[in-house]
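One-letter residues, chain by chain:
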Amino acid sequence: MALRNLVTSKALVSSAGFRHQLRGLQTFTLPDLPYDYGALEPAISGDIMQLHHQKHHQTYVTNYNKALEQLDEAINKGDAPTVVKLQSAIKFNGGGHINHSIFWKNLAPAREGGGEPAKGSLGWAIDTHFGSLEALIQKMNAEGAALQGSGWVWLAVDKQFKRLVVETTANQDPLVTKGPNLAPLLGIDVWEHAYYLQYKNVKPDYLKNIWKVMNWKYASEVYEKECP
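Residues numbered from 1 in each chain as written. Predicted model: local features only at pLDDT ≥ 70, side-chain atom pairs only at ≥ 80, totals over all residues. Heavy atoms only, no water.

Looking at an unreviewed UniProt entry, the protein carries the name Superoxide dismutase, with the source organism given as Nerium oleander subsp. oleander. What the UniProt record of the protein gives under Catalytic activity (unreviewed entry) is the line "2 superoxide + 2 H(+) = H2O2 + O2". On record in UniProt, under Sequence similarities (unreviewed entry), the comment for the protein is "Belongs to the iron/manganese superoxide dismutase family." (UniProt positions renumbered as here; feature names shortened; annotations may be inferred.)

Some words on the pattern of salt bridges
Inspection of every chain in the model, using the stated rule, returns four salt bridges. We note a salt bridge from Lys139 to Glu143, for which the minimum N-O separation is 3.0 Å. Taken together, the residues Lys139 and Glu143, both in helix 6 (residues 133-146) and four residues apart, mark about one turn of the helix. For Lys139, a relative accessible area of 35% corresponds to the partly exposed category. (Salt bridge = Lys/Arg side-chain N within 4 Å of Asp/Glu carboxyl O. Helix = DSSP H or I, 4+ residues; strand = E, 2+ residues; numbered from the N terminus. Buried < 20%, exposed > 50% of the residue type's maximum accessible area, 1.4 Å probe, protein only.)

Regarding the packing of helix 5 (residues 120-130) against helix 9 (residues 216-226)
Contact pair helix 5 / helix 9: the axes reach a minimum separation of 8 Å and the direction vectors enclose 90 degrees. Between helix 5 and helix 9, the interaxial angle falls into the category roughly perpendicular. Between helix 5 and helix 9, the contacting residues are Ser121, Leu122, Ala125 and Ile126 on the first element and Trp216, Ala219, Ser220, Tyr223 and Glu224 on the second. (Axes fitted to C-alpha atoms, helices over the stretch in contact; angles between N-to-C directions. Parallel < 35°, antiparallel > 145°, perpendicular 65-115°, else oblique. Contact = heavy atoms within 4.5 Å.)

Digging into helix 2 (residues 46-77)
The end-to-end C-alpha distance of helix 2, which contains 32 residues, comes to 46 Å, matching closely the 46 Å that a straight helix rising 1.5 Å per residue would cover. His52 marks where helix 2 bends most, by close to 30 degrees. (Expected span 1.5 Å × (residues − 1). Bend = angle between axes of the 7 residues up to and from the residue.)

Quick word on unusual backbone geometry
Residue Pro42 is reached from Glu41 by a cis peptide bond, and omega for that bond is 5 degrees. As for its position among the elements, Pro42 is in the loop between strand 2 (25-27) and helix 2. Non-glycine residue Lys162 carries a positive phi angle of around 55 degrees. Locating Lys162 in the fold gives a position in the loop between strand 3 (151-158) and strand 4 (163-170).

Brief notes about the UniProt feature "binding site: Mn(2+)" (unreviewed entry) in the protein
The sites that UniProt annotates as "binding site: Mn(2+)" (unreviewed entry) are His52, His100, Asp189 and His193. These annotated residues cover 142 residues of sequence, and their C-alpha atoms lie no more than 12.3 Å from one another, placing them together at a single site. Here Asp189 is to be found in strand 5 (residues 182-189). In this structure, Asp189 is in contact with His52, His100, Phe103, Gly151, Trp152, Ala194 and Tyr206, ignoring residues within four places of it in sequence. Side chain to side chain, Asp189 and His52 meet in a polar contact 2.9 Å long. (Polar contact = N/O pair within 3.5 Å; in protein donor to acceptor, adjacent residues only side chain to side chain.)

Details of the confidence of the model for the protein
In this model, the protein carries an average pLDDT of 91, and 89% of its residues clear a pLDDT of 70 or more. Note on residues 1-22: pLDDT under 50 across the span, and 37 contacts to partners over four residues away in sequence or across chains. (pLDDT = per-residue confidence, 0-100.)

Observations regarding the packing of aromatic side chains
What describes a pair of aromatic rings is the distance from one ring centre to the other and the angle between the planes of the rings. Enumeration over the complete set of coordinates arrives at nine aromatic pairs. Each ring, one from Phe103 and one from Trp104, has its centre 5.5 Å from the other, and the planes form 50 degrees; the classification is tilted. The same class applies to Phe103 and to Trp104, which are both buried. On the numbers, 5.1 Å between centres and 25 degrees between planes, the contact of Tyr195 with Tyr206 is stacked. On the criterion of sequence distance, the pair formed by Tyr195 in the loop between strand 5 and helix 7 (196-199) and Tyr206 in helix 8 (residues 203-210) is long-range, its members being 11 residues apart. Note on accessibility: Tyr195 and Tyr206 belong to one class, buried. Aromatic rings pair up to connect Phe103, Trp104, Trp152 and Trp154 into one cluster. (Phe/Tyr/Trp six-rings, centres within 6.5 Å; stacked < 30°, edge-to-face > 60°.)

A look at the pairing of strand 5
The element strand 5 is largely enclosed, with a buried count of seven among its eight residues. Bridging between strand 3 and strand 5 involves seven bridges; their strand directions are antiparallel. Bridge pairing in strand 5 places Val157 opposite Ala183. (Pairing = 2+ DSSP bridges.)

Structure representation (structure tokens):
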């Protein structure tokens, strides 16, 4: 089990990308948003975006860096119990950083194409695997609404079989924990901090409206890269 956790932590480190070095350790920084906090209104309020980005995502980055530093120290000391103990913090905070870094790119203001349906090869793949874009949205919304507690709902491509799949992950587990061949195209955060300030406890309304600012252009670019 410890070996499996260590492999997962390596995947978390490699998939997020390094930002800069601190005391010999490669650490991470909060990515800038490609739009203003209020640019996704009325689908997602500026207050939610600012809180979500500056507080929640920043906390994951801070705690991820801290856990990696502690891991480095434990490895250098040969402290195996601490190395194992740190795996959950690395998975949670590293996953939070990875997931949110994707989430910001999954969204775009309506004036910049947010909400425009997928076209090209991704649009064709959606029709092939789900019947229609509307059917895919209904499936993701249903699975997101049914997800108990906190987590994510994903549209992914299975690179091995060249097919689209819908997956859910609990807490801040990144999609890589569901399979190494899955590449995330779209991820919807269904933690309460992503919507409660605006939608209260009506998660289905949040899931309905987020599609109005979904960045299908970005998803298409990832799809074409993963399935050339």
